[in-house]
Amino acid sequence: MHFTIQKNKLVEAVNDVMKAVSSKTTIPILTGIKITALEDGVTLTGSNSDISIESFIPAEEEDYQHVDIRKTGSIVLQAKFFSEIVKKLPSETVDIEAEENLSARIVSGTSEFNLIGMDPEEYPQLPQISEHHAFQLPIDLLKQMIRQTVFAVSTSESRPILTGVNFRIENDELICVATDSHRLAMRKAPIESRMITDFSNVVIPGKSLNELNKILEEKNDTIDIVITGNQILFKTKYLLFFSRLLEGNYPDTTKLIPMDFKTEIIISAKEFLQAIDRASLLAREGKNNVVKLTTYEEDNQIKISTILPEVGKVEEFVSCESLSGEELKISFSAKFMMDALKALDATDVKISFTGAMRPFLIRPLDQDSILQLILPVRTY
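How each quantity is defined
Residues numbered from 1 in each chain as written. Predicted model: local features only at pLDDT ≥ 70, side-chain atom pairs only at ≥ 80, totals over all residues. Heavy atoms only, no water. Helix = DSSP H or I, 4+ residues; strand = E, 2+ residues; numbered from the N terminus. Buried < 20%, exposed > 50% of the residue type's maximum accessible area, 1.4 Å probe, protein only. Contact = heavy atoms within 4.5 Å. Lys, Arg positive; Asp, Glu negative; His and termini not counted. Charge placed at Lys NZ, Arg CZ, Asp CG, Glu CD. Pairing = 2+ DSSP bridges. Axes fitted to C-alpha atoms, helices over the stretch in contact; angles between N-to-C directions. Salt bridge = Lys/Arg side-chain N within 4 Å of Asp/Glu carboxyl O. Polar contact = N/O pair within 3.5 Å; in protein donor to acceptor, adjacent residues only side chain to side chain. Phe/Tyr/Trp six-rings, centres within 6.5 Å; stacked < 30°, edge-to-face > 60°. Parallel < 35°, antiparallel > 145°, perpendicular 65-115°, else oblique. Left-handed = near helix turned anticlockwise from the far one by under 90°.

Novice: Before we move on, could you go through the overall build of the protein and cite the residues and values that matter?
Specialist: Summing up its helical and strand segments, the protein has six helices and 28 strands in all. Within the protein, the fraction of its 380 residues that count as buried is 54%. For the protein, restricting intrachain contacts to residue pairs at least 6 apart in sequence, the fraction spanning at least 24 positions comes to 67%. Distance between charge centroids for the protein: 7 Å, based on 41 positive and 56 negative side chains.

Novice: Let's hear about the sheet that holds strand 11 (residues 111-116): which residues, and what values?
Specialist: Strand order in this open sheet of five strands is 7-1-9-10-11, and the pairing throughout is antiparallel. Edge positions in the sheet fall to strand 7 (67-71) and strand 11, since each has one partner strand and no second. This sheet shows a mean twist of 15° between the axes of neighbouring strands, independent of strand direction. With four bridges connecting them, strand 9 (residues 93-98) and strand 10 (residues 103-108) associate as antiparallel partners.

Novice: Go over the pattern of salt bridges with me, naming the residues and quoting the values.
Specialist: Taken as a whole and assessed by the stated rule, the structure comprises 16 salt bridges. Here aspartate 345 and arginine 147 are joined by a salt bridge, their closest N and O atoms 2.4 Å apart. Pair noted here: aspartate 345 is in the loop between helix 6 (334-344) and strand 26 (348-353) and arginine 147 is in helix 3 (residues 139-147), with a separation of 198 residues, a long-range link. A salt bridge links aspartate 252 to lysine 255; the shortest N-O distance between them is 2.8 Å. Relative accessible area serves as the criterion here: at 68%, lysine 255 is assigned to the exposed category.

Novice: Pulling in residues and values, what's your account of helix 6?
Specialist: Quick reminder: α-helices carry 3.6 residues per turn. Residues three or four places apart thus point the same way. Most of helix 6 sits out of view: nine of its 11 residues are buried. The backbone nitrogen of lysine 335 has a side-chain oxygen 3.3 Å away, supplied by the residue at the start of helix 6, namely serine 333. Aspartate 345 sits one or two residues past helix 6 and shows a positive phi near 55°.

Novice: Quick one: what's the story with the sheet that holds strand 22 (residues 301-308), residue by residue and with numbers?
Specialist: If you trace the four strands from one edge of the open sheet to the other, you get 23-22-21-25, paired in antiparallel fashion. In this open sheet, the two strands that pair with only one neighbour each are strand 23 (312-319) and strand 25 (329-333). Sheet twist, expressed as the average angle between the axes of neighbouring strands with direction ignored, equals 25°. Across five bridges, strand 21 (residues 290-296) lies against strand 22 in antiparallel orientation. Counterpart to leucine 293 in the pairing with strand 22 is isoleucine 304. In this fold helix 6 packs onto strand 21 and strand 25, with an angle of close to 80° to the strand it touches most, strand 25.

Novice: Help me get a handle on the packing of aromatic side chains, residues and values and all.
Specialist: Using the criterion set out here, one finds five aromatic pairs in the structure. Counting every residue linked through ring pairs, the aromatic cluster contains Phe332, Phe353 and Phe360.

Novice: Talk me through the packing of helix 1 (residues 7-18) against helix 2 (residues 79-88); I want residue IDs and the actual numbers.
Specialist: Following both chains from N to C, one finds helix 1 and helix 2 inclined at 150°, their axes separated by 9 Å at the closest point. In terms of orientation, helix 1 lies roughly antiparallel with respect to helix 2. At the point where helix 1 passes helix 2, the crossing takes the left-handed sense. Contacts between helix 1 and helix 2 involve Lys7, Leu10, Val11, Val14, Asn15 and Met18 on the former and, on the latter, Ala79, Phe82, Ser83, Val86, Lys87 and Lys88.

Novice: Break down the environment of aspartate 224 for me, with residues and values.
Specialist: Residue placement: aspartate 224 occurs in strand 17 (residues 222-228). For the pair aspartate 224 and glutamine 136, spaced 88 residues apart in the sequence, the C-alpha separation amounts to 4.6 Å. Residues in contact with aspartate 224, not counting those within four places in the same chain, are Phe135, Gln136, Leu233, Phe234 and Lys235. Here the side chain of aspartate 224 touches glutamine 136 through a polar contact of 2.9 Å, side chain to side chain.

Novice: So what's going on with unusual backbone geometry? Residues and values would help.
Specialist: Excluding glycine, residues mostly have negative phi values, and the peptide bonds linking residues are mostly trans. In this structure, glutamate 62 takes a positive phi of about 50° despite not being glycine. Relative to the helices and strands, glutamate 62 is located in the loop between strand 5 (60-61) and strand 6 (64-65).

Novice: For the side chain of lysine 7, give the residues involved together with the corresponding values.
Specialist: Tracing the sequence through the fold places lysine 7 in helix 1. Buried and unpaired, lysine 7 has glutamate 92 as its nearest opposite-charge partner, separated by 6.1 Å. Of note is the side chain of lysine 7, whose polar atom sits 2.7 Å from the backbone oxygen of leucine 89. Residues in contact with lysine 7, not counting those within four places in the same chain, are Val86, Lys87, Lys88, Leu89, Ser91, Glu92, Thr93 and Val94.

Next up, the structure:
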């Protein structure tokens, strides 16, 4: 194998695949990056037990040459060293040559490195994908859907299925749900599903989605999403991102979402968020970061308060745009409320309560494709 490549393209691809390389793996070959040079370009692959990432650098793109392939072939190089070396090379181009004895020479400007490689034949094969279970989404929409749900996954391994986001397709709609059993985030988007049958209950690890979101660039392009056995593939023009799926059945969350409400408020999301943020300055010191909300219908306002016997208390009144229904006192996690409000991206939000000890909903005023649900906290 022998090729010369533009350094900036190589660094980009290395950064992407490094997100899948683990230093803690028990399989030595997976501590490496697989480099494959073919006539049409160079592919880098990184993998661990959860995700695999393949980044392709085309030899030519729009009459611009990124790679000059002298000899095809492949090698696996230690990711830790290779990634650091590539970033610090002095010249704009890098020459990489692999010898028969699995060693690689990396030359850039006046700098030359020799690395001992590993046998590419031992590197695990990525799953073969059949494209007929695919659907497409705009990349910016997928990024938004991940951001608006993934924060609500469970961090506890006691129920592994809740550490992922549930993707399902119903009536030409993609529905993403995440819950840790104390809160829930849901986001829907219309898609052209073209009779996708096996996408009823797919659960993607939250960690995988966070890594995918870091790699995907905001651009007006689409991404293919493909299911294969126990893996899911996210595919763009030059990137393949595989993630394992979580095993087991995701709980039916539709029953959790209340339909009739006793108290509803419409309020500026920014003012409400800032008030919660201030109250949490004290609430953070408590065990559950709990703030209390009290409604005053005749004044059309709510009170946000926190009392900590050993620290002090805070209370603040916030005007509502509208307030209707029964008077209410309810306590909840300030962190959960702030996470929910940040995810909604709305100017005004509608908060609907069914009682002091029942889950409540937070939604943007003018959009029903997204909702957040929070369970209140008992305080006595």
